[in-house]
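Structure assessment
Below, each chain spelled out in residue letters.
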Amino acid sequence: MLQLQLVREHQNEIIDALKKRNIEAAPLVAKVLQLDEERRALQTKLDATLAESNKLSKEIGGLFKSGKAQEANLLKAKTGALKEESKLLGDDLNNTANALQDILYQIPNIPHASVPAGSTDADNEEIFKEGDIPVLIPGALPHWELAKKYDIIDFELGVKITGAGFPVYKGKGARLQRALISYFLDKNAAAGYTEMQVPHLVNEASGLGTGQLPDKEGQMYHVGEDDLYLIPTAEVPVTNLFRGEMVDQKEFPICYTAYTPCFRREAGSYGAHVRGLNRLHQFDKVEIVRVEHPNNSYQALDGMVDHVKDILRELQLPFRILRLCGGDLGFTAALTYDFEVFSTAQDRWLEISSVSNFETYQANRLKLRFKDEQGKSQLAHTLNGSSLALPRVLAGILENYQTADGIEIPEVLRPYCGFDKID
RNA sequence: GGAGGAAUGGCAGAGUGGUCGAAUGCGGCAGUCUUGAAAACUGUUGAGGGUCACACCUCCGGGGGUUCGAAUCCCUCUUCCUCCGCCA
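Since we're looking at a predicted model, the values are computed, not measured.

**Describing the sheet that holds strand 6 (residues 222–223)**
- If you walk across this open sheet you meet the three strands as 5-7-6, and the pairing is antiparallel. Looking at which strands have only one partner, the edges of the open sheet turn out to be strand 5 (201–202) and strand 6.

What follows is the structure in structure tokens.
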């Protein structure tokens, strides 16, 4: 959520910047300013009424003490009217404040200056590319065929147990997946991220804190009976650890990592691009989350990008980094870098990580603050990134490492797997 | 599941109807002392709204109520703690 003060002071810059998202924000911003003005007018009125009533109450107290009960009772009659008035004003104020918040919830984060204009993923800007695209054996297979051939992932079995998008990993497939999780967590820990285990269901306040709610309810599985949501990413529980917190700026940088399964309803997806592991309702992911001083957050973002790069280098997967254009940028992010691995057998790039700086957008909802040098409380910056999402990394490994007599395991994963080939 | 107790500022912890936005301690900040640091001492220090700045208003877990007046009394919800029972 944007800070109200920012909207008040920089409305034109905001409207301009949001054009990069292809959003005509002028009506929303105008509405915000109008409601804000109404709110302040009501607040002033209410404050005056309450001040008057407070003053009378004090007088009454004094009169009772000095035994002038009659005079006191006269004043009492006055306060009744004030009370009624303040009740009405309070209701109006609440309604206006709620309406204002509803509008603010509809305005996405302001894109960073470096975000390119554009409307679809075709407009994303490739800023880095590394790794050789392997030449595959004749008759190379996509991962869903390989999964069947080596009996390591069973999609039909998942359909029986749950439904489409819930695969069952078997034998070496399961082991490879667990190896990846351990490897990612170890890499993150070595880079200074503290490992956390967090709940996989969150309450409504957490969903609001990181921006999944309101509006994107449909993306999350909801457990109606207990009013809880299955997490779509560890970002939600991990970032919400800081909801309502006042952190000491000496604690910066705050770096956490967590492995969780992720649950996404992904309504409306279909077609060849969602085959196999490409798009699932349940998948595993190791996430990194940082809370930073505003002065350092972009440096931190670069550090996170370098960290993910490092992992992909070790896995020896060809990858590229995209700077997302305004149209493809997530609602709450100011700047996002997507990592994509080239899947040779599918002949396409697969998104395997997304690293973002949210600046104060999440922190404003979370009320995540720190005390600056002057002792004033300030909103912190939050960042997160996948490090990494499992299924497409798995797909990339299976497809790029296939040979005539089996799938090689990347060197770095062998100690974790306990085997060096799937055959 | 049963029976009790509790929720106050960054933290700990007083406060049972007006003089309480709230004692005290710790922490933070500024200063004195010191070559520097620590210790000690002095001052300062809750959050949000509002204002050019003041004034002023709101906030003592959430919501509602009683009262001229609520951190304080009542109802309700949530959470935590203790004891008992059950249990991976």
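Following the structure, the description resumes.
**Structural notes on the pattern of salt bridges**
- Applying the stated criterion across every chain, the model contains 19 salt bridges.
- For Arg-320, the salt bridge goes to Glu-126, with nearest N and O atoms at 3.2 Å. Of this pair, Arg-320 sits in strand 11 (residues 319–323) while Glu-126 sits in strand 1 (residues 125–130), and the two are 194 residues apart along the sequence.
- By relative accessible area, which is 17% here, Arg-320 ends up buried.
- A salt bridge links Lys-309 to Asp-306; the shortest N-O distance between them is 3.7 Å. Highlighted residues: Lys-309 and Asp-306, both in helix 10 (residues 297–315), separated by three residues, approximately one helical turn.
- Residue Lys-309 is classed as buried on the basis of its relative accessible area of 14%.
- Judged by its relative accessible area of 44%, Asp-306 is partly exposed.

**Concerning the environment of Ile-110**
- For Ile-110, the position within the fold is in the loop between helix 4 (69–106) and strand 1.
- Using a relative accessible area of 18% as the deciding quantity, one classes Ile-110 as buried.
- As for Ile-110 and Val-286, which are separated by 176 residues in sequence, their C-alpha atoms are 27 Å apart.
- Not counting residues up to four positions away in its chain, the partners in contact with Ile-110 are Leu-2, Leu-6, Ile-14, Ala-17, Leu-18 and Ala-334.

**A closer look at the protein's contact with RNA strand B**
- As a structural note, the neighbourhood of RNA strand B is formed by 18 residues, with Arg-39, Asp-47, Ser-57, Lys-371 and Ser-377 the closest of them.
- For RNA strand B, the fraction of protein-proximal atoms (within 4 Å) that sit in sugar or phosphate groups is 78%.
- Note that a sugar or linking oxygen of RNA strand B is positioned 2.8 Å from one of the side-chain N or O atoms of Asp-47.
- The side chain of Arg-369 places a nitrogen or oxygen atom 3.3 Å from a sugar or linking oxygen of RNA strand B.
- Counting only elements with at least two residues in the surface near RNA strand B, the list comes to helix 3 (26–65), helix 4 and strand 14 (369–371).
- Per-element accounting of the surface near RNA strand B gives the leading share, 10 residues, to helix 3.
- Grouping the amino acids of the surface near RNA strand B by side-chain chemistry returns four nonpolar, six polar and eight charged.

**A few points about the pairing of strand 10 (residues 282–292)**
- By the criterion of burial, strand 10 is predominantly enclosed, with 10 of the 11 residues buried.
- Across 10 bridges, strand 9 (residues 254–263) lies against strand 10 in antiparallel orientation. Paired with Tyr-259 across the two strands is Val-286, which belongs to strand 10.
- Looking at chain direction, strand 10 and strand 16 (residues 381–389) are connected through seven bridges and run antiparallel. Each bridged residue has a counterpart across the sheet, and for Glu-287 the counterpart in strand 16 is Ser-386.

**Concerning the state of the cysteines**
- Counting across every chain of the model gives zero disulfides.
- Between Cys-255, a free cysteine, and Cys-262, which holds the nearest cysteine sulfur, the sulfur-to-sulfur gap is 20 Å.
- Here Cys-255 falls in the buried class, since its relative accessible area comes to 10%.

**Focus: the sheet that holds strand 16**
- Ordered by their spatial adjacency, eight strands build an open sheet running 1-11-12-13-16-10-9-4, and the pairing between neighbours is mixed. Strands with a single pairing partner mark the edges of an open sheet, and in this sheet they are strand 1 and strand 4 (194–196). Taking the axes of each pair of neighbouring strands and ignoring which way they run, one obtains an average angle of 25° across the sheet.
- Bridge analysis of strand 4 against strand 9 gives three bridges, and the strand direction is parallel. Counted as the bridge partner of Thr-194 is Tyr-256 from strand 9.
- Each of strand 1, strand 10, strand 11, strand 12 (335–343), strand 13 (348–359) and strand 16 touches helix 10; the most contacted strand, strand 16, lies at about 5° to it.
- Against the sheet, helix 12 (residues 390–400) engages strand 10, strand 12, strand 13 and strand 16, with an angle of about 35° to strand 16.

Definitions and cut-offs
- For every chain, the first residue of its written sequence is number 1, and the numbers climb from 1 along that sequence.
- The order in which chains are written sets their letters, starting at A; the order in which ligands are written sets their numbers, starting at 1.
- For a predicted model such as this one, the threshold for reporting local features is a pLDDT of at least 70, and the threshold for listing and counting side-chain atom pairs is 80 or more; totals across whole chains, interfaces and linings nevertheless cover every residue.
- Water and hydrogen atoms were dropped before computing side-chain values, which therefore reflect all heavy atoms in the structure.
- Only strands joined by at least two bridges in the DSSP assignment are considered to pair.
- Per the convention used, a helix needs a DSSP run of H or I reaching at least four residues, while a strand needs a run of E reaching at least two, with both numbered from the N terminus.
- Salt bridge criterion: a side-chain nitrogen from Lys or Arg within 4 Å of a carboxyl oxygen from Asp or Glu.
- Only protein chains enter the accessibility calculation, which uses a 1.4 Å probe; a residue whose area is less than 20% of its type maximum is buried, one above 50% is exposed, and one in between is partly exposed.
- Note on definitions: a residue-residue contact is assigned when non-hydrogen atoms from the two residues lie within 4.5 Å.
- The rule for a residue being near a molecule or strand is that one of its heavy atoms must lie within 4 Å of it.
- In the analysis that follows, any N or O atom pair within 3.5 Å is treated as a polar contact, provided that within protein one partner can donate a hydrogen and the other can accept it, and provided that, for residues neighboring in sequence, both atoms belong to side chains.
- Only Asp, Glu, Lys and Arg are considered charged in this grouping, and only Ala, Val, Leu, Ile, Met, Phe, Trp, Tyr, Cys and Pro are considered nonpolar; every other residue, Gly among them, is considered polar.
- Any two cysteine sulfur atoms lying within 2.5 Å of each other are counted as a disulfide.
- All axes here are fitted lines through C-alpha atoms, helices being fitted over the stretch that makes contact, and every angle between N-to-C directions spans 0 to 180 degrees.

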